[in-house]
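The chain contents come next:
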Amino acid sequence: MKKLPKDFVWGGATAAYQVEGATKVDGKGKTMWDDYLKAQGRFAPDPASDFYHLYPEDIRLSKKYGLNAIRVSIAWTRIFPKGYGEPVQAGVDYYHRLFKECLNKGIEPYVSLHHFDSPKTLFDDGDWLNRKNIDHFVDYAKFCFDEFPEVTHWFTINELISLAYSQYIQGNFPPSHKFDVTSAIQAEHNELLAHAKVVNLFKDGGYKGKIGLIHVLQPVYPYPNTPENQHAADLSDAFMNAFLLDGTFKGEYTDKTMKLINEILDANDAKLDIQDGDMDILKKASTRNDYFGLNYYQPSFFAAYDGESTNHFNGTGEKGTSSFKFKGVGQAVKNPNIPTTDWDWNIYPEGLYDILKRVSSEYPNSKEIFITENGLGLKEELPENVTDDTIINDDKRIDFVDQHMEAILKARSEGVNVNGYFVWSLQDQFSWANGYNKRYGLFFVDFATQKRYIKKSALWYKALADTMK
Ligand code: BGP
């Protein structure tokens, strides 16, 4: 069995809207999802995992199965229902209770301020495309830093690209635009700006603790490996990874990245608006991140393509149904040597090793890295003869996490400063574009009764935790 390094951060990840449920209680405001999901009619954000009420149980299980940290996010709309104005005390109190419970149990909370859940009022007003909303975000962040000194590990925004890409390219997040390249690239830039402003505020304000942000990185490989396909992979990489990494840790978009981005913008009659002073803000923040949260699920394989943009998003788990062709970039192709999940996600742990090496050599300002999400979505059911002691077999997930840990420890042994791992996810949760049949948890949630059952992966997680002792 492998051994975890001493003091390794060994956690499980959650996000407020995916676990809390209770979307209509204690004065909570609507997020960009409530009406959208209702109109879509496929699944609802309630009850999720009812973490709003059951957090003590999940934290108890976390402790029991060897975790020393969890990722949670604050729902902006529990505190400011409209995104700004007067704070709601019940929401503030809930997060104090949650953090206290974590700390009392020796579970360190790593807290994100924004995890895909913009307040509806601000979303209707342009979301991240409206620069006024950046100021509202900074005000909300300041409120949280002042109010929650017990939190010492902060992240500003989770997965800037997933928001921009799912909202404006793939079309599977509200407002469901497809291949709206201007909005996507502008959202990337504006979110970077929002992050940088908050980091500068945190450092200038002398707050105790550490701060960073979270990017999901998706290495892009040419397939088959030809010069044309390599160029398609480079274009996709610039859009998905390099633009955001440059903006975060270099405080500039390098010439190499901008050449590729401009090629994409030209092909799509799109434009990016960078205003005077923006780059100074990014520059100032670029050396001030204390750490970097890296989410990794899968790489993509790209080939050249010169037609119009089309896509199909597999949000049901019908294997083989996804397709993605992006004008001026390339098309995603299946690499027959790489296994995939029912949702067509490539399983390739080496991709995590590659991207860790790249971040550490090209972006030294990332300083310390935590894998803030990684995991495997599976369709799982309770057996008919279930009892309280039933342990759900998820050997596939154990294999997946084991192989990814292997990649992490290899990169670490070669000098990459990666000091923690948060499995996605702590318990089963609701998935934004897939609903309740894509389970990731260490703990199985029977959504009808909210009862928790242990999966075999939780036992494995505990055994690995014990190697730190
Ligand atoms: C990340 C998000 C999470 C989570 C995870 C799994 O992008 O930060 O919120 O949902 O992916 O994705 P999915 O639920 O689509 O399978």
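Our structure is the block above this text.
Sequence order as written defines residue numbering, which begins from 1 separately in each chain. Only residues with pLDDT of at least 70 get local features here, since the model is predicted, and only at 80 or more are side-chain atom pairs given and counted; chain-wide, interface and lining totals rely on the full set of residues. The side-chain figures draw on all heavy atoms in the structure; neither hydrogens nor water molecules are used.

*Asks:* What's the story with the sheet that holds strand 15 (residues 443–446) in this structure? I'm lost.
*Replies:* In sheet architecture, strand pairing relies on hydrogen bonds along the backbone and comes in two forms, parallel and antiparallel. Strand order in the open sheet formed by three strands is 13-16-15, with mixed pairing between adjacent strands. Of all strands in the sheet, those bounded by a partner on one side alone are strand 13 (391–392) and strand 15. DSSP-based pairing: two strands are paired if at least 2 bridges between them are found. Put simply, DSSP marks the helices as runs of H or I at least four residues long and the strands as runs of E at least two long, and each gets a number from the N terminus on. Direction of pairing for strand 15 relative to strand 16 (residues 451–455): antiparallel, over a ladder of four bridges. The residue of strand 16 that forms the bridge with Phe443 is Ile454. Packed on one face of the sheet, helix 15 (residues 456–466) meets strand 13, strand 15 and strand 16 and runs near 60° to strand 16. Note on definitions: a residue-residue contact is assigned when non-hydrogen atoms from the two residues lie within 4.5 Å. Axis geometry follows a simple rule: fit a line to the C-alpha atoms, using only the stretch in contact for helices, then measure angles between N-to-C directions, giving values from 0 to 180 degrees.

*Asks:* What's the story with the packing of helix 8 (residues 160–168) against helix 10 (residues 227–249) in this structure? I'm lost.
*Replies:* Helix packing for two helices is described by the angle between their axes and how far apart those axes are. Across the interface, helix 8 lies against helix 10 with an axial gap of 10 Å and an inter-helix angle of 140°. Taken as axis vectors, helix 8 and helix 10 run oblique relative to one another. Relative to helix 10, the crossing made by helix 8 is right-handed. Judged by residue contacts, Leu160, Ile161 and Tyr165 of helix 8 engage Phe239, Met240 and Leu244 from helix 10. By residue class, the composition of the contact of helix 8 with helix 10 is six nonpolar, no polar and no charged. Oblique is the label for any angle not under 35 degrees, not over 145, and not in the 65 to 115 range, which are roughly parallel, roughly antiparallel and roughly perpendicular in turn. By definition, turning the near helix anticlockwise from the far helix through less than a right angle yields a left-handed crossing, and turning it clockwise yields a right-handed one. Charged means Asp, Glu, Lys or Arg here, nonpolar means Ala, Val, Leu, Ile, Met, Phe, Trp, Tyr, Cys or Pro, and polar covers whatever is left, Gly included.

*Asks:* I'm lost on the layout of surface pockets in this one. Help?
*Replies:* Picture a little ball the size of a water molecule; that probe, rolled over the atoms, points out where space is still empty. Whether a set of points on the 1 Å grid over the protein atoms alone is a cavity depends on a 1.4 Å probe fitting there but being unable to get out, while an open set qualifies as a pocket with protein on both sides within 12 Å along at least five of seven lines; lining residues are those with an atom within 4 Å of a point. Grid points are joined across faces, edges and corners, and a volume is the space filled by probe spheres set on the points. Considering only enclosed or pocket space, the largest pocket measures out at about 1200 Å³ in volume. If you go around the largest pocket, you meet 50 residues; those closest to its centre are Gln170, Gln218, Gln298, Phe313 and Trp345. Ranked by residue count, the leading element in the lining of the largest pocket is helix 8, at four residues. In terms of residue class, the lining of the largest pocket is made up of 22 nonpolar, 22 polar and six charged. What the second largest pocket holds in volume is close to 380 Å³. What lines the second largest pocket is a set of 21 residues, and nearest its centre among them are Asp234, Asp237, Lys256, Arg358 and Glu362. Those elements giving two or more residues to the lining of the second largest pocket turn out to be strand 6 (220–222), helix 10, helix 11 (255–267) and helix 13 (349–362).

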